Amino acid sequence: MRAVVFETPGVDNLRIVDVETPRPGPNEVLIRVKYAGVNPVDYFTINRKDVKPIPHIPGSEFAGIVETVGSSVRSVDVGDEVVIYNRLFDGSCKYCLIGHEELCVNSGLIGVVTQGGFAEYAVVPASNVIRIPKGVGLDEAATLPVGALTAWHMIFNRAGVSPGELVVVFGATGNVGSYAVQFAKLAGATVVAVSRRADKVKDVLMGLGADYVVTPDEAQSLINELSNGLGADLVIDAVGQATWNLSFKLVARYGRWVTAGALTGGDVTLNLPSLYSREIAVIGSTGGTRSELIKLLDLLSRRRIKAPIYSKMKLEKVREAFDAMFRGEDRVGKVLLMP
Ligand SMILES: [Zn+2]
């Protein structure tokens, strides 16, 4: 099969090669990959020095058709359209037992600790395979496991957005942000999307549910105006270091600040009195659960949410795909590879 591989770190070292098609073990499934999402997590994997196995196939988000199943697999059949849940989990630890496999103590991401989906075929455990319902395209399903699932879990499980709240989304054009805007709107919030190129992406973000689209420079005065100077009930910021000072300042008394990533760096300075005197909750969030991914597929099949896709590229264009993903501010939605 054809696959994208690297042996030494760096996007420039990615090559398309022929490798042996993997075979599924008794509890595994071989998927013919149709679409694979390109995400920051793949970029970080490709640039890591300690990745195994080598040569490594990246790709932590993909959908396709079941080609063969292991002898013990009963949950899916050959020919089924499926999407992966990318977090490996043991099913037996304290967190798995309470339905939070995203916190499994023996976890790892498909495509990071295993061979991933930037290839014609990929093997994954059957428990990480979810059937796609009627009415959902394989391309749409392929956009869900990373950004959409992360945004859903962050907004509904961790931050608990309520109707009428004022929610600010930094990095609104990103893989997580474009879904966070939609989901906050779905929850009944007033949504302010923040993007450095607000002028260029305004229409698309409003189409996803944003009530306002502003640049970081404009955010403070708009939030003051909308809240009578009180601030936002919830600020979502997966941008990290670059926006932390501003985004934390926007949080109202008794409000929440939540993150599921730190694209521009993760070290920030927090002034503790500014946290406790305003009774602010700072919340972490990572990935989501299998049941949340199933919910997303259901909502997509009923057209309650949209799966924004920016472009689809052949496997050979993998380097251009990373360029397109990091083009960032002009892009809204997912860059997909088609193996
Ligand atoms: Zn576990």
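In this text, all values refer to a predicted model and were calculated from it rather than measured experimentally. (Residues numbered from 1 in each chain as written. Predicted model: local features only at pLDDT ≥ 70, side-chain atom pairs only at ≥ 80, totals over all residues.)

Regarding the packing of helix 4 (residues 144–158) against helix 5 (residues 177–186)
Okay, so step 1: Contact geometry for helix 4 and helix 5: axes closest at 8 Å, N-to-C directions at 40°. Considering the angle they form, helix 4 stands oblique to helix 5. Note on packing geometry: the crossing formed by helix 4 with helix 5 is right-handed. Contacts between helix 4 and helix 5 involve Gly-147, Ala-148, Ala-151, Trp-152, Met-154 and Ile-155 on the former and, on the latter, Tyr-179, Ala-180, Phe-183 and Ala-184.
Okay, so step 2: Taken together, the residues that form the contact of helix 4 with helix 5 break down as nine nonpolar, one polar and no charged. (Axes fitted to C-alpha atoms, helices over the stretch in contact; angles between N-to-C directions. Helix = DSSP H or I, 4+ residues; strand = E, 2+ residues; numbered from the N terminus. Parallel < 35°, antiparallel > 145°, perpendicular 65-115°, else oblique. Left-handed = near helix turned anticlockwise from the far one by under 90°. Contact = placed C-beta atoms within 7 Å. Nonpolar A, V, L, I, M, F, W, Y, C, P; charged D, E, K, R; others polar.)

Notes on the domain arrangement of the chain
Note: interface size is frequently given as the accessible area lost on complex formation between the parts.
Okay, so step 1: Parsing the chain into structural domains produces domain 1 (2–145 + 288–338) and domain 2 (160–284).
Okay, so step 2: Measuring from the centre of the C-alpha atoms in domain 1 to the corresponding centre in domain 2 gives 28 Å.
Okay, so step 3: The partner domain 2 presents 13 residues to the twelve residues of domain 1 that form the contact.
Okay, so step 4: Each residue belonging to the side of domain 1 that touches domain 2 can be placed in one class, and the counts come to four nonpolar, three polar and five charged. (Domains from an automatic or database assignment.)

Thoughts on the nonpolar core
Okay, so step 1: Counting 102 residues, the largest nonpolar core has Val-167, Val-168, Val-169, Ala-180 and Ala-193 as its most contacted members.
Okay, so step 2: For this core, the element with the most residues is helix 4, which contributes eight residues.
Okay, so step 3: Each of two domains, domain 1 (2–145 + 288–338) and domain 2 (160–284), supplies a minimum of three residues to this core. (Core = buried A, V, L, I, M, F, W, Y, C linked by C-beta atoms within 7 Å. Buried ≥ 20, exposed ≤ 12 C-beta atoms within 10 Å, placed from the backbone.)

Some thoughts on the sheet that holds strand 14 (residues 251–259)
Okay, so step 1: Within the open sheet, the six strands sit side by side as 12-11-10-13-14-15. Their pairing is parallel. The open sheet terminates on both sides in strands that have one partner only, identified here as strand 12 (212–214) and strand 15 (281–284). Strand-to-strand twist across the sheet, computed as the mean angle between neighbouring axes with direction ignored, equals 20°.
Okay, so step 2: Pairing between strand 10 (residues 166–170) and strand 11 (residues 190–194): five bridges, direction parallel. Within the sheet, the bridge partner assigned to Val-167 lies in strand 11 and is Val-191.
Okay, so step 3: Packed onto the sheet, helix 5 meets strand 10, strand 11 and strand 13 (232–237) and runs at close to 170° relative to strand 10.
Okay, so step 4: Strands strand 11 and strand 12 of the sheet are contacted by helix 6 (residues 198–207), whose axis makes an angle of about 160° with strand 12. (Pairing = 2+ DSSP bridges.)

What to know about the environment of Phe-170
Okay, so step 1: As for its placement among the helices and strands, Phe-170 is situated in strand 10.
Okay, so step 2: Linking Phe-170 and Thr-243, residues 73 residues apart in sequence, is a C-alpha distance of 7.8 Å.
Okay, so step 3: The residues touching Phe-170, leaving out its near neighbours within four places in the chain, are Val-194, Ile-236, Asp-237, Val-239, Thr-243 and Ser-247.

Regarding unusual backbone geometry
Okay, so step 1: Here the amide bond leading from Lys-52 into Pro-53 is cis, since omega sits at -10°, within 30 degrees of zero.
Okay, so step 2: Along the polypeptide, Pro-53 turns up in the loop between helix 1 (40–46) and strand 4 (62–69).
Okay, so step 3: Here the bond from Ile-54 into Pro-55 is cis, since omega is -5°, no more than 30 degrees from zero.
Okay, so step 4: Summarising the element assignment, Pro-55 is placed in the loop between helix 1 and strand 4.
Okay, so step 5: Phi angles above zero are rare outside glycine, and Asn-228 is one such case at about 55°.
Okay, so step 6: In the Ramachandran plot, Tyr-254 falls in the positive-phi region, its phi being about 70° despite a non-glycine side chain.
Okay, so step 7: Mapped onto the elements of the fold, Tyr-254 is located in strand 14.

Observations regarding helix 7 (residues 216–227)
Okay, so step 1: In this model, helix 7 (twelve residues) spans 17 Å end to end at C-alpha, consistent with the 16 Å of a helix rising 1.5 Å per residue.
Okay, so step 2: In the segment just after helix 7, Asn-228 is the residue with positive phi, at about 55°. (Expected span 1.5 Å × (residues − 1).)

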